[in-house]
Amino acid sequence: MMSPPILRTAIFLALLVVPPTDSFITVLSSPSKSVPFLHPPLHSVPLETYDYYKILRDKSSLLREFTSAHSSPSDPLRLASDFMRVDSLERSGKQSALFNNLRPGGNSSSATPFSDRPPSPTVTIDIKRDSPTPPPPPPHNNRFPGTPPPPSDPFPVSFPAAGDLVEYFHTVHSVNTFFVNVDSSCYSGTLADLRSAVSYRDDLLASTGVRISVLMKDIIQDKLQVGLAREYGADGVVLSASVLADGLGEFMNLCTLLDVPFVVEVHTPEEVGVALEGGAGVVMVNRVDRITGRLHPDQCQAIVEECFPMGNLNPGFLLLATGGIGDGEEGRRICEMGFDGVVVGRGVMGKGEEEVKAFCDGVRGGGGDYYVDDDDDDDDDDDDEDWGDIPKEEGVVE
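If you're wondering where the values come from, they're calculated on a predicted model, not measured in any experiment. (Residues numbered from 1 in each chain as written. Predicted model: local features only at pLDDT ≥ 70, side-chain atom pairs only at ≥ 80, totals over all residues. Heavy atoms only, no water.)

*Asks:* I'm lost on the overall build of the chain in this one. Help?
*Replies:* The helix and strand tally for the chain stands at 15 helices and eight strands. Within the chain, the proportion of its 398 residues that are buried is 52%. Partitioning the contacts of the chain with sequence separation of at least 6, the portion at a separation of at least 24 is 73%. Entry remark: accessible area of the chain is about 18200 Å², with carbon and sulfur atoms responsible for 53%. (Helix = DSSP H or I, 4+ residues; strand = E, 2+ residues; numbered from the N terminus. Buried < 20%, exposed > 50% of the residue type's maximum accessible area, 1.4 Å probe, protein only. Contact = heavy atoms within 4.5 Å. Areas by Shrake-Rupley, 256 points an atom, 1.4 Å probe, with all protein chains shown as cover.)

What follows is the structure in structure tokens.
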């Protein structure tokens, strides 16, 4: 077996000779059987603009081309994914950094363990130029309070480099975690976007000591994609339970062995169970059904009631929400159900600074004063403090 330095050199040479193409970045196989959601979808008519199975057919063809080009057991990319394990003493620290950035309070540079206020939920930005999922109908269509619905979907949007967006969201809106889409056919992403975002992350760490997290987001179905994320310096990947199905556990184990942190995207209680059994530390509930493209606005509450009836009692586990979150107030209400933060793409991409600020402040509860007192017993008033001015009727899910 090659020594790690020699193997790493071989990998980079291979990437120069046969650079990863879009056919590699956009691979996807058939997903698992669609599990019915717990509540009816918000859309009442078929989404004529969304054809998930056409996406599958197109990407399956690209996957065949890629696997054929890298079929040799001695292929450097296969060696990277098969043998480049990381000893526990050589861990990069990316896992702990990602957890700290995603946990409540992770968006606040001034948060301290002994703060007199509870930490606010976090906002993670899902950087993408486009999305195959159509926008949900009103009122879940990026409509901020007091403003009319936008005339059209914000996608596609244009930006020169993902690193510039990461810098903007971090310095202006105190966001510390980012998903960078590298899928080209559906999200108009590239590997250059990931490289740009990672470059800014490294520069920021070197100049200030602040460590943000940049995850590669792709429709991951092949273990070579995990190895590629590691080679490009990503702080982790996003694994979809609906895509990987029975293979989810294998991919979680692979990520652990390669020191690649991961977030597991789930849609149903069954998928939550599989993720937890496999040892997932961060689970992201998507309210949009990947198979149909339809938004189920009550899915987050249903997941909490079904899977976490006593709340999240594990301090080493984080629960995120995503999918059709139109404004910060909606994001905050979801977090009050028991979520540690939200992941947002359409809600902020292509928006003005004031709109983005409204979204982030809304999720965080007005700049960090996030607290919900759901105790109606007046006899306990002496034990309760006034942590903020959020009206109870807006902050409690009955």
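*Asks:* Would you mind showing me how to read the pattern of salt bridges here?
*Replies:* Pairing is possible between side chains of opposite charge, provided their charged atoms come close. Considering all chains together, one arrives at ten salt bridges under this definition. The partner of Arg-129 in a salt bridge is Asp-193, with the nearest N and O atoms 2.7 Å apart. Placement of Arg-129 in the loop between β1 (122-127) and α6 (162-173) and of Asp-193 in helix α7 (residues 191-208) is noted, with a sequence separation of 64 residues between them. Look at Asp-193 and you get buried, because its relative accessible area is 4%. A single salt-bridge network, built from bridges that share partners, covers Asp-126, Lys-128 and Lys-217. (Salt bridge = Lys/Arg side-chain N within 4 Å of Asp/Glu carboxyl O.)

*Asks:* It is not clear to me how the side chain of Glu-265 should be interpreted in this structure. Could you clarify?
*Replies:* Residue placement: Glu-265 occurs in strand β5 (residues 262-266). Glu-265 gets classed as buried once you look at its relative accessible area, which sits at 2%. One polar contact links Glu-265 to Asn-286, side chain to side chain, over a distance of 3.2 Å. Contacts of Glu-265, omitting those with residues within four sequence positions, involve Val-238, Leu-239, Ser-240, Ala-241, Met-284, Asn-286 and Arg-290. (Polar contact = N/O pair within 3.5 Å; in protein donor to acceptor, adjacent residues only side chain to side chain.)

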